[in-house]
Amino acid sequence: MSEKKLNGTVIVTYRCNARCSMCNRYKAPSKPEEEINIETIKKLPKMYFTNITGGEPFIRTDLPEIVRELYKKSDRIVISTNGFFTDRIVALCKEFPNIGIRISIEGLEQTNNEIRGLDNGYQRGYGTLKKLREMGMKDVGFGMTVQDKNAPDLVPLYKISNEMGMEFATASLHNSFYFVEAKNIIHDRPMVAQNFEDLVNELLKSNSPKKWMRAYFNHGLINYIYGQKRLLPCDMSFDTFFIDPYGDVMPCNGTKDKEVMGNLNNQSWDELWNSSEAEAVRKKVRCCDRDCWMIGSVSPAMHKYIWVPGMWVVWHKLKALFMKKPYSMYENKIVREFRDGKVTKEELDKCSTCDMCATVNNGLSEASKAQLVGKTGEEIVDADIAAQMKR
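Residues numbered from 1 in each chain as written. Predicted model: local features only at pLDDT ≥ 70, side-chain atom pairs only at ≥ 80, totals over all residues. Heavy atoms only, no water.

A. The pattern of salt bridges, seen in detail. Following the criterion strictly, the structure yields 30 salt bridges and no others. As a salt-bridge pair, Arg286 and Asp235 come within 3.1 Å of each other at their nearest N and O atoms. Linking Arg286 in helix 10 (residues 276–286) with Asp235 in the loop between helix 8 (209–225) and strand 7 (240–243), this pair joins segments that are 51 residues apart in sequence. Because the salt bridges share partners, they merge into one network encompassing Arg15, Glu35, Arg60, Asp62 and Asp384. (Salt bridge = Lys/Arg side-chain N within 4 Å of Asp/Glu carboxyl O. Helix = DSSP H or I, 4+ residues; strand = E, 2+ residues; numbered from the N terminus.)

Structural data, given as structure tokens:
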């Protein structure tokens, strides 16, 4: 019997040079000496898909070494990045032309730069994507986290990606230890939902089944921002996992506090995956009420329960034969109820994970916390990058 392959996300660092308004991870970096090493990477199981993320993964100068090792384990690898380190990205892609690259761009130029806090961030990210396309890279694209500020840029940015023949991934605001944030919330839900509706209809117009499935994912994002139950079950920790820079294996990155199944630095994969600690986390996952809708948990669920998005797509493609706009956000009962005054904004706010009084656990090790005494995370990472550039 063949070994079951998993879906994995490797958080190689918590260091980040961006200053995103919806994520405070840049304030809580990991200590480089503690970050996951090749020996621990070698212990990971076989995977059909691996996402490498951070922080900013390309801050790690040994990232090519990590990718080389992961390709022994994984059928497909996609790296999530802010696109700042163009030369490093291009060099890696020359060695691994089949790798996927998703560059976070949060809207058109002014909006993106305001949200991400990177000087000339839009032009750097867009320029990196253009270079990769010129090299003949196929699996490249944009990643956008939709919020009130950038929702009007959603369809225009999609159209740019479409004209360039690129992938276009979306998300919305979440709160968790991973983002070091508990106060993210959508304020004008109908406006944001309307922009998602417009995107869904654009995706359904395409001839790409992959885009039709993305339409379903964005339909789920409308459901999520209105604080409703997930459209599909969450199987995180059963066939999907995250591993953080310290070797801690977790079900996902959406929990309020870090939930640890075991530590791969000190255990074998089988020992960790079948441990009582892992089983305890799985019980928590089955009772989790956060109802996240992030691609890391939704994509595996869409594959596993393919008939649900499949039937949704078939129905809307049939409607598209007779209607210019086959999808409406009002297909979601809660959206109708809010429009009709049956549900208040305050009631919807209570359904979100936003907690203005929460104490956020940033998931750092004691040594990483200690480096923040007398220094900010920004100062630590800026000095780290400056030292790298001198080498």
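Now that the structure is up, let's keep going.
B. Examining a nonpolar patch on the surface more closely. Taken together, the side chains of Val314, Trp315, Leu318, Leu321, Phe322 and Met323 define a hydrophobic patch exposed on the protein surface, amounting to about 700 Å² of accessible area. Counting through the fold element by element, Leu321 comes out in the loop between helix 12 (307–320) and helix 13 (333–339). (Patch = residues over 30% accessible without salt bridge, like charges linked within 9 Å, V, L, I, M, F, W, Y side chains within 5 Å. Areas by Shrake-Rupley, 256 points an atom, 1.4 Å probe, with all protein chains shown as cover.)

C. Region of interest: the side chain of Gln371. Relative to the assigned elements, Gln371 resides in the loop between helix 15 (366–370) and helix 16 (377–390). Given a relative accessible area of 17%, Gln371 falls into the buried group. Once you skip the residues sitting within four places of it in the chain, Gln371 turns out to touch Pro29, Ser30, Lys31 and Ile380. (Buried < 20%, exposed > 50% of the residue type's maximum accessible area, 1.4 Å probe, protein only. Contact = heavy atoms within 4.5 Å.)

D. Looking closely at helix 8. With 17 residues, helix 8 ought to run about 24 Å at 1.5 Å a step, and its terminal C-alpha atoms sit 25 Å apart, in line with that. Across the 17 residues that make up helix 8, a large majority, 13, are buried. Count one or two residues on from helix 8 and you reach Gly227, which has phi positive near 75°. (Expected span 1.5 Å × (residues − 1).)

E. View of the sheet that holds strand 3 (residues 77–81). What the nine strands build is an open sheet, ordered 6-5-4-3-2-1-7-8-9; its pairing is mixed. Looking at the sheet topology across the chains shown, the edges are occupied by strand 6 (167–172) and strand 9 (262–263). Across the sheet, helix 2 (residues 63–70) lies against strand 1 (6–11), strand 2 (47–53) and strand 3, angled at about 170° from strand 2, the strand it touches most. Contacts from helix 5 (residues 121–134) reach strand 4 (100–104) and strand 5 (140–146) within the one sheet, and its direction differs from that of strand 5 by about 155°. (Pairing = 2+ DSSP bridges. Axes fitted to C-alpha atoms, helices over the stretch in contact; angles between N-to-C directions.)

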